[in-house]
Amino acid sequence: MIWNPYYEAIDREKLYTLQFLRLKQTLERVYQLVPFYRESFKQAGAEPGDIRSLDDLQKLPFTVKNDLRDNFPYGLFTVDLNEVVRIHSSSGTTGIPTVVGYTQKDLDTWAELMARTLTAGGATKESVVHIAYGYGLFTGGLGAHYGAEKIGATVVPISGGQTKRQVKMMKDLGTTLLACTPSYALFIAETMEEMDLSPKDLKLRSGVFGAEPWSENMRHVIEEKLQIDAYDIYGLSEIIGPGVSYECPAKAGLHLSEDHFIPEIIDSVTGKVLPEGEKGELVITTISKEALPMIRYRTRDITTLTSEPCACGRTHMRMKKVSGRTDDMLIIRGVNVFPSQIESILLEMGETEPHYQLVVDRVGSLDTLQVLVEVSEQMFSDHVRGLETLENKIRAEIDNLLGVTADVKLVEPKSIPRSEGKAQRVVDKRTL
Ligand code: DLL
């Protein structure tokens with residue numbers, strides 16, 4: 001089902017007209033109201049009046065996370081604080097947090113986008129939606145919440161934590177759709193096993209998972225363990241939160257709501273816009289936001305865009321599953337490695353558990369990569385020899401496919417910390 005067929009399946013020519021109109025309004029708005037944008041446009045030698053087509057967007061400068069930090073907390077807002085009805089914040093791992101704000105209209109837009117997302121993921125008025133994304137300053141919980149309520153589904157706003165209780169609630173309340181991070185979905189599946197519950201004891205049919213990268217192989221593991229359809233959902237606080245793009249039943253890329261956002265893909269080193277189909281950094285311009293519009297915001301997320309028609313009938317462009325962030329990329333002795341590539345290899349081999357962590361360190365001037373992977377209880381206690389053989393096999397596979405030598409260590413089940421939100425896949429001791 002499509003939540004809003006008029007916009008989600010809009011004729012692309014009509015879409016371009018709408019985008020251009022909304023873009024012009026947004027540019028005028030930020031130029032008039034935000035000194036930062038006026039200044040940065042001037043420096044780039046461009047004014048809103050110079051933007052005469054969608055392609056002209058390229059004339060404008062990028063906005064980056066540091067610009068939000070430099071203007072912390074409200075410097076990039078285009079409305080008075082008394083028009084702002086909600087604040088969220090992304091904690092980030094370093095430095096000052098960034099603060100984002102919403103007017104009532106922004107919240108309505110967000111709920112609409114999440115209604116699209118959840119509908120594409122199988123939600124209807126009849127669904128019981130269990131929201132285990134964190135509630136609070138993180139955008140996951142409340143973002144999914146208002147979308148699910150808009151659909152008219154029965155919402156269980158459980159937030160993260162107390163996993164056994166979560167499983168019991170899902171069983172008792174007849175939950176049909178689970179919303180959480182993919183790593184937490186896996187933890188929920190593991191907890192179900194511990195509680196001797198099988199997917200048959202629950203009514204779960206689908207899940208919308210996002211907020212962190214997860215591989216296609218991880219999708220298969222989650223679908224198999226929970227016996228559901230697992231859909232990828234993407235978003236970031238600076239743009240609106242979850243609901244920027246979402247998978248449909250075709251599971252062939254995430255439709256990006258182009259009536260609200262204009263996507264571009266750039267070469268993250270040169271900043272040059274790349275042609276459709278090429279892989280690079282996703283840049284997004286918001287064209288309907290009031291409190292905090294973003295012009296050419298560099299997401300740091302790596303993906304590819306396509307406007308090829310999709311089997312589901314939606315016409316918005318699709319982005320591939322995010323394969324990593326430009327700033328998550330590990331450079332191990334000169335070789336670029338993304339955690340998701342290692343995840344893919346491990347799950348493809350299928351001989352370990354889907355729980356892993358990468359430990360990066362420096363010995364002398366040499367970077368080292370250690371891959372910790374859990375194996376099953378049985379394997380761990382029965383086969384010391386077998387463990388060594390498997391470690392060697394994984395090491396050879398990583399070497400072969402990524403060109404990097406890793407020290408692979410198989411560890412006991414449940415020894416790698418589980419996460420209720422975004423998983424910490426990498427421990428980088430070099431910066432500690
Ligand atoms: O994580 C918003 C969100 C909540 C999305 C719930 C989906 C579900 P931030 O905390 O600002 O917002 O983090 C944004 O998380 O730039 C990506 O690097 C990463 N991310 C989000 N969704 C995905 C995804 C929320 N589906 C940052 N795949 C983004 C890969 C994702 N990475």
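Thresholds, definitions, all that
Residues numbered from 1 in each chain as written. Predicted model: local features only at pLDDT ≥ 70, side-chain atom pairs only at ≥ 80, totals over all residues. Heavy atoms only, no water. Pairing = 2+ DSSP bridges. Helix = DSSP H or I, 4+ residues; strand = E, 2+ residues; numbered from the N terminus. Contact = heavy atoms within 4.5 Å. Axes fitted to C-alpha atoms, helices over the stretch in contact; angles between N-to-C directions. Expected span 1.5 Å × (residues − 1). Domains from an automatic or database assignment. Buried area = accessible area lost by both parts, 1.4 Å probe. Salt bridge = Lys/Arg side-chain N within 4 Å of Asp/Glu carboxyl O. Polar contact = N/O pair within 3.5 Å; in protein donor to acceptor, adjacent residues only side chain to side chain. Nonpolar A, V, L, I, M, F, W, Y, C, P; charged D, E, K, R; others polar. Near = heavy atom within 4 Å. Areas by Shrake-Rupley, 256 points an atom, 1.4 Å probe, with all protein chains shown as cover. Buried < 20%, exposed > 50% of the residue type's maximum accessible area, 1.4 Å probe, protein only. Patch = residues over 30% accessible without salt bridge, like charges linked within 9 Å, V, L, I, M, F, W, Y side chains within 5 Å. Phe/Tyr/Trp six-rings, centres within 6.5 Å; stacked < 30°, edge-to-face > 60°. Lys NZ or Arg CZ within 6 Å of the ring centre and 35° of its normal.

Further remarks concern the sheet that holds strand β14 (residues 318–319). The mixed open sheet is built from nine strands, whose spatial order is β4-β3-β5-β6-β7-β8-β9-β14-β13. Where the open sheet ends on each side, the last strands, each with one partner, are β4 (154–156) and β13 (305–306). Across the sheet, helix α9 (residues 216–226) lies against β5 (177–180), β6 (206–210), β7 (229–236) and β8 (241–247), angled at about 130° from β7, the strand it touches most.

Moving on to helix α5 (residues 104–120). The end-to-end C-alpha distance of α5, which contains 17 residues, comes to 24 Å, matching closely the 24 Å that a straight helix rising 1.5 Å per residue would cover. Just downstream of α5, G122 is the residue with a positive phi angle, here 100°.

Here four strands make up an open sheet; going across it, the order is β10-β11-β12-β15 and the pairing antiparallel. For this open sheet the edge positions go to β10 (261–266) and β15 (324–325), each flanked by a neighbour on one side alone. Relative to strand β11 (residues 280–286), β10 runs antiparallel, the two sharing six bridges. Its bridge partner being in β11, P263 is matched across the sheet by I284.

Interface size is often expressed as the accessible area that is lost when the parts come together. You can read the domains of the protein as domain 1 (1–327) and domain 2 (330–431). Distance from the C-alpha centre of domain 1 to the C-alpha centre of domain 2: 30 Å. Listed per partner, the contact involves 24 residues of domain 1 and 16 residues of domain 2. Summing both partners gives a buried area of about 1700 Å² for domain 1 against domain 2, and 54% of it is carried by carbon and sulfur. On the domain 1 side of the interface with domain 2, the three residues burying the most area are E190, N217 and M218, jointly 27% of the side's total. Counting the contacts that link domain 1 with domain 2 gives two salt bridges. E194 serves as the salt-bridge partner of K414, at 2.9 Å between the closest nitrogen and oxygen. The interface formed by domain 1 and domain 2 includes 11 residue pairs in polar contact (both at pLDDT 80 or more). Looking at the side of domain 1 that touches domain 2, the elements that each hand over two or more residues are α8 (182–194), α9 and β15. For the side of domain 1 that touches domain 2, the element with the highest residue contribution is α8, accounting for six residues. Broken down by class, the residue content of the side of domain 1 that touches domain 2 amounts to 10 nonpolar, nine polar and five charged.

Moving on: the side chain of T181. Inspection of the secondary structure assignment puts T181 in the loop between β5 and α8. A distance of 2.8 Å separates a polar atom in the side chain of T181 from the backbone oxygen of G421. Not counting chain neighbours up to four residues away, the residues in contact with T181 comprise Y133, F209, G210, A211, E212, E420, G421 and K422.

Moving on, we get to the site of the ligand. The local shell around the ligand holds 21 residues, among which D232, I233, S237, D301 and K422 are the closest. In this structure, D232 approaches the ligand through a side-chain N or O atom, which is 2.7 Å from a nitrogen atom. In isolation the ligand exposes 610 Å². Once the protein is present, 93% of that is buried. Within the residue set of the shell around the ligand, elements represented by two or more residues are α6 (139–151) and β7. Broken down by element, the residue count for the shell around the ligand peaks at five residues, all from β7. Considering only residue class, the shell around the ligand consists of nine nonpolar, six polar and six charged.

Relative to the assigned elements, H88 resides in strand β1 (residues 86–90). In this structure H88 comes out as buried when scored by relative accessible area, which is 0%. Within the structure, H88 has its side chain in polar contact with the side chain of R86 (distance 2.9 Å). Ignoring anything within four residues of it in the chain, the contact list for H88 reads T98, V99, V100, Y102, W110, G136, L137, F138, T139 and L142.

Under the criterion given, the structure shown has 24 salt bridges. As a salt-bridge pair, D428 and R430 come within 2.9 Å of each other at their nearest N and O atoms. The class for R430 is partly exposed, based on a relative accessible area of 25%. By sharing partners, the salt bridges in this structure join R362, D367, D428 and R430 into a single network.

On to a nonpolar patch on the surface, then. A surface patch of nonpolar side chains, amounting to about 350 Å² of accessible area, comprises Y74, L81, I87 and L137. Among the secondary structure elements, L81 is positioned in the loop between α4 (65–70) and β1. Judged by its relative accessible area of 43%, L81 falls in the partly exposed class.

Looking now at the pairing of β10. The element β10 is largely enclosed, with a buried count of six among its six residues. Alternating positions in β10 separate into two faces, F261, P263 and I265 on one and I262, E264 and I266 on the other, with burial throughout.

Now for the packing of aromatic side chains. Per the counting criterion, the structure on display carries eight aromatic pairs. Three or more aromatic residues joined by ring pairs make a cluster, and in this case those are Y31, F36, Y37 and F41. For the cation-ring pair, R219 lies above W214, with the distance from its terminal atom to the ring centre recorded as 6.0 Å.

For α6, with 13 residues, the first-to-last C-alpha span of 19 Å sits near the 18 Å given by 1.5 Å per residue. On the buried face of α6, the contacting elements are β1, β2 (98–102), α5, β3 (128–131), β4 and β8. Just downstream of α6 lies G152, where phi reads positive at about 95°.

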